[in-house]
Amino acid sequence: MSVAQNHHDVVVLGGGTTGRLISTELARAGCTVALVENALAGGESPYFACMPAKSLLHSTRRGETWELAIARRDEVAGNLDGTSAAARMAEAGVTVLRGLGRISGPGAIRVGTVTYTFTDLVVCTGSEPTLPSIDGLLDAPVWTSDEALVCADLPRRLVVFGADPAGCELAQVYASYGSQVTVIESARRLLGAEAPFAGDMLGGALRRMGIDLRLGVTLSQIRRTEFGVRVALSDGGVLDADRILVTTGRRPRITDLGLELLGVAVDPSRGLSVDPTCRVLVTDPPGLPASGSPAGLVPRPRAGSTAQADTDAGAHAGTGTGQVAGSVWAAGDVTGTGPSPHLARYQARVVVSNVLGVRREADYRAIPRVVHTTPSVYAVGFSPPSADAEGVDLLAAGYDLASTARAAVEDDDGGRVELYADRVRGVLVGAAAVGPYAEEWMSEIALAIRAETPLSVLTDVVHAFPTYGEAIEVPLRELVERL
Ligand SMILES: Cc1cc2nc3c(=O)[nH]c(=O)nc-3n(C[C@H](O)[C@H](O)[C@H](O)COP(=O)(O)OP(=O)(O)OC[C@H]3O[C@@H](n4cnc5c(N)ncnc54)[C@H](O)[C@@H]3O)c2cc1C
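Cut-offs and rules
Residues numbered from 1 in each chain as written. Predicted model: local features only at pLDDT ≥ 70, side-chain atom pairs only at ≥ 80, totals over all residues. Heavy atoms only, no water. Helix = DSSP H or I, 4+ residues; strand = E, 2+ residues; numbered from the N terminus. Buried < 20%, exposed > 50% of the residue type's maximum accessible area, 1.4 Å probe, protein only. Contact = heavy atoms within 4.5 Å. Areas by Shrake-Rupley, 256 points an atom, 1.4 Å probe, with all protein chains shown as cover. Core = buried A, V, L, I, M, F, W, Y, C linked by side-chain atoms within 4.5 Å. Pairing = 2+ DSSP bridges. Axes fitted to C-alpha atoms, helices over the stretch in contact; angles between N-to-C directions. Polar contact = N/O pair within 3.5 Å; in protein donor to acceptor, adjacent residues only side chain to side chain. Phe/Tyr/Trp six-rings, centres within 6.5 Å; stacked < 30°, edge-to-face > 60°. Lys NZ or Arg CZ within 6 Å of the ring centre and 35° of its normal. pLDDT = per-residue confidence, 0-100. Salt bridge = Lys/Arg side-chain N within 4 Å of Asp/Glu carboxyl O. Arc of directions from axis to C-beta.

Scanning the chain from N- to C-terminus turns up 15 helices and 24 strands. For the chain, the proportion of its 483 residues judged to be buried stands at 51%. Within the chain, counting contacts between residues at least 6 apart in sequence, those at least 24 apart form 64% of the total. Carbon and sulfur atoms make up 52% of the accessible area of the chain, which amounts to about 20,600 Å² in all.

If you want it as structure tokens, here you go:
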């Protein structure tokens with residue numbers, strides 16, 4: 001391959017949700033783009049996360065058998081075959097490079113034995129599950145969410161360690177199919193970062209389906225037994241199980257990428273630090289100003305873009321290859337903001353715009369957070385705990401879904417919505433809801449927060465009858481009165 005073929009305007013490192021969107025959009029905009037992927041093109045979401053998890057949850061709601069649910073899950077997950085995802089990127093003009101990518105210097109990356117050069121680099125390497133350090137854990141039959149979403153086993157007794165959204169969703173799936181599920185969570189309530197009612201209602205729903213919730217405790221020791229494992233808890237309790245599913249944490253994949261060669265500080269416990277344009281911050285690169293500067297050059301206007309040059313960028317970085325380095329960008333889980341593919345896709349669009357020379361800053365005020373259980377949990381913007389932490393004075397108003405006509409029609413008595421206004425500014429800044437498909441009928445609140453829609457306009461919006469969406473009307477009117 002010639003040197004010219006080895007140079008691309010943009011190299012995208014990692015071909016998950018984020019990398020696919022960025023590389024495809026930039027190729028369509030006329031850039032030469034190479035995407036480096038060492039596993040399945042498409043990343044986590046389609047094969048090991050969102051798609052198989054949602055498929056299994058859907059199967060539980062449809063009352064399908066385990067065998068059917070597994071077959072359906074595998075089909076939804078493309079039978080773990082990334083060929084068509086790679087083909088779609090190639091069709092869009094992206095050069096897909098298979099292999100592990102490692103930055104070899106400013107403006108250069110090695111994939112296998114070949115070095116490729118680039119003007120812009122976008123790091124989209126995602127995140128990976130981590131296992132806590134617990135005596136005996138590594139000798140035990142342990143799953144992370146990756147294994148739980150590809151295996152066909154239905155453990156008779158399952159301990160789920162960590163009640164994050166994935167832990168709650170998988171606990172519900174396995175309990176629905178007959179596993180005796182115990183959830184161990186070190187916090188005293190589920191979803192501790194959200195409004196207390198959300199975790200309490202979800203906990204109630206999980207308990208009603210027979211899940212044993214142990215809150216405020218942790219695993220202290222695990223021992224193999226003749227029939228499985230024996231788990232000792234920090235409160236002195238003991239459990240016997242066949243399998244342990246650990247969902248206590250994920251860590252951004254930022255080690256061994258060679259990022260240090262670009263002057264990027266690598267701290268595996270945190271994501272890559274990016275500025276609002278998703279440009280990676282460098283600490284001390286050769287030839288760049290020290291400490292907290294954006295990595296690389298001003299984004300250059302490209303053909304077809306309505307260029308509006310960024311003015312806050314850093315200085316030049318020599319590549320040692322005769323090229324001039326552009327910027328280093330990052331999006332998705334690697335930035336430590338997720339895990340969330342809709343947030344990843346949002347950051348991806350921000351990167352695309354900035355690489356094309358049209359300045360765009362990410363606005364994180366209205367990014368939804370969802371647990372796709374039954375009932376589902378939706379939250380957006382500030383929650384009471386996060387507002388407390390940031391000193392925002394919230395005014396809250398709520399409504400029980402049981403009081404809606406829709407709940408009467410569907411004989412559904414659980415669920416609640418709460419809306420949070422900033423008492424000082426008089427606009428909505430957060431919301432939480434628990435109820436059937438809450439993520440579907442709460443989107444207007446995300447828009448209201450993002451657009452800072454006046455409450456007087458929101459109270460004038462008409463909702464179809466009978467819908468769960470009507471549930472926001474009463475708290476909106478209450479907020480107007482109390483403000
Ligand atoms: C069980 C589970 C359920 C979830 N459900 C939801 C949900 O319902 N809703 C939601 O919002 N979010 C959900 N998420 C989170 C979501 O899956 C992630 O946020 C999303 O996949 C992140 O996309 P990404 O592009 O940042 O990373 P990834 O999709 O992980 O892609 C990164 C890619 O980079 C590749 N790579 C890494 N290093 C290199 C290298 N050196 N060279 C070459 N390639 C490399 C990897 O192989 C991978 O393909 C869930 C997560 C889990 C675990």
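To continue, consider the nonpolar core. In this structure, Y174, V181, V183, L190, L202 and I211 are the most contacted members of the largest nonpolar core, which totals 41 residues. Only α3 (50-62), α4 (66-76), β9 (157-161), α7 (165-176), β10 (180-185), α8 (196-208) and β24 (427-435) provide two or more residues apiece to this core. Ranked by residue count, the leading element in this core is α7, at six residues. Among residues more than four places away in sequence, those in contact with V183 are V160, A163, A171, I211, D212, L213 and R214. Counting 30 residues, the second largest nonpolar core, distinct from the first, contains A27, C31, V122 and V352.

This part is about the sheet that holds strand β23 (residues 416-422). Pairing is antiparallel across the open sheet formed by five strands, whose spatial order is β20-β21-β24-β23-β22. Looking at strand neighbours, the two that pair on one side only are β20 (369-371) and β22 (394-400), the edges of this open sheet. Pairs of neighbouring strands in the sheet enclose a mean axial angle of 10 degrees, with direction left out of account. Pairing geometry for β23 and β24, over seven bridges, is antiparallel. Each bridged residue has a counterpart across the sheet, and for L419 the counterpart in β24 is A431. Lying on the sheet, α8 is in contact with β20, β21 (376-381), β23 and β24; it crosses β24 at an angle near 10 degrees. Along the sheet, helix α13 (residues 443-451) makes contact with β21, β23 and β24, crossing β24 at roughly 165 degrees.

In terms of burial, β23 is largely enclosed, as seven of its seven residues are buried. Joining the antiparallel neighbours β23 and β24 is a turn of four residues, in which G426 adopts a positive phi near 70 degrees.

Once that is clear, we can look at the side chain of T117. As for its position among the elements, T117 is in strand β6 (residues 114-123). T117 gets classed as buried once you look at its relative accessible area, which sits at 11%. Side-chain polar atoms of T117 contact the side chain of H7, separated by 2.7 Å.

Think of a pair of aromatic rings as described by two things: how far the centres are apart, and how the planes are tilted against each other in angle. Within the structure shown, the criterion is met by six aromatic pairs. Residues W143 and Y174 carry aromatic rings whose centres are separated by 5.6 Å and whose planes lie at 45 degrees to one another, so their mutual orientation is tilted. Here W143 is found in strand β8 (residues 142-143), whereas its partner Y174 is found in helix α7, with 31 residues between them in sequence. Judged by relative accessible area, Y174 falls into the buried class, the value being 0%. Connected via pairs of aromatic rings, a cluster forms that spans W66, W143, Y174 and Y177. Between the NZ or CZ atom of R416 and the centre of the ring of F197, over which it lies, the distance is 5.9 Å.

Between T374 and P375 the backbone carries a cis peptide bond, its omega angle lying at 0 degrees. Relative to the assigned elements, P375 resides in the loop between β20 and β21. Cis rather than trans, the peptide bond between F465 and P466 has omega equal to -10 degrees. Here P466 is to be found in the loop between α14 (455-458) and α15 (473-482).

A residue-level look at the chain finds 90% of positions with pLDDT of 70 or above and a mean pLDDT of 89. Considering only residues more than four positions removed or in separate chains, one finds that residues 286-293, a stretch of pLDDT under 50, has 20 contacts. Every residue in residues 296-325 scores below 50 in pLDDT, and together they form 75 contacts with partners more than four places removed in sequence or on other chains.

Under the counting rule described, the total for this entry stands at 27 salt bridges. Notably, a salt bridge pairs R230 with D240, separated by 2.8 Å at the nearest N-O pair. Remark: D240 occurs in strand β14 (residues 238-241) and R230 occurs in strand β13 (residues 228-233); sequence separation between them is 10 residues. Close ionic contact of R482 with E478 constitutes a salt bridge, the shortest N to O distance being 2.7 Å. Placement of the pair is R482 and E478 together in helix α15, with a separation of four residues, close to one helical turn. Take E478: its relative accessible area is 28%, and that puts it in the partly exposed class.

Looking now at the environment of V217. The topology assignment puts V217 in the loop between β11 (212-215) and β12 (219-225). Between the C-alpha atoms of V217 and G237, which are 20 residues apart in sequence, the distance is 9.3 Å. Those residues in contact with V217 that sit more than four places away from it in its chain are I184, E185, S186, S234 and D235.

Overall, antiparallel pairing links the three strands, which are arranged β12-β13-β14 in an open sheet. Edge positions in the sheet fall to β12 and β14, since each of these pairs with one other strand and no more. When strand polarity is set aside, the average angle formed by the axes of neighbouring strands in this sheet is 20 degrees. One ladder, built from four bridges, connects β13 with β14; its direction is antiparallel. Bridge pairing links V231 to L239 in β14.

It is worth spelling out helix α5 (residues 83-91) at this point. Turning to α5, its buried residues are A85, A86 and M89. For α5, the arc enclosing every buried residue in end-on projection is 100 degrees, short of the 170-degree limit, so these residues lie on one face. Residues of α5 that are exposed and point more than 90 degrees away from the buried face comprise T83 and E91. Those residues of α5 hidden inside the fold are in contact with α1 (17-28), β2 (33-37), α2 (44-48) and β3 (95-98). A positive backbone phi angle near 100 degrees is found at G93, which sits one or two residues after α5.

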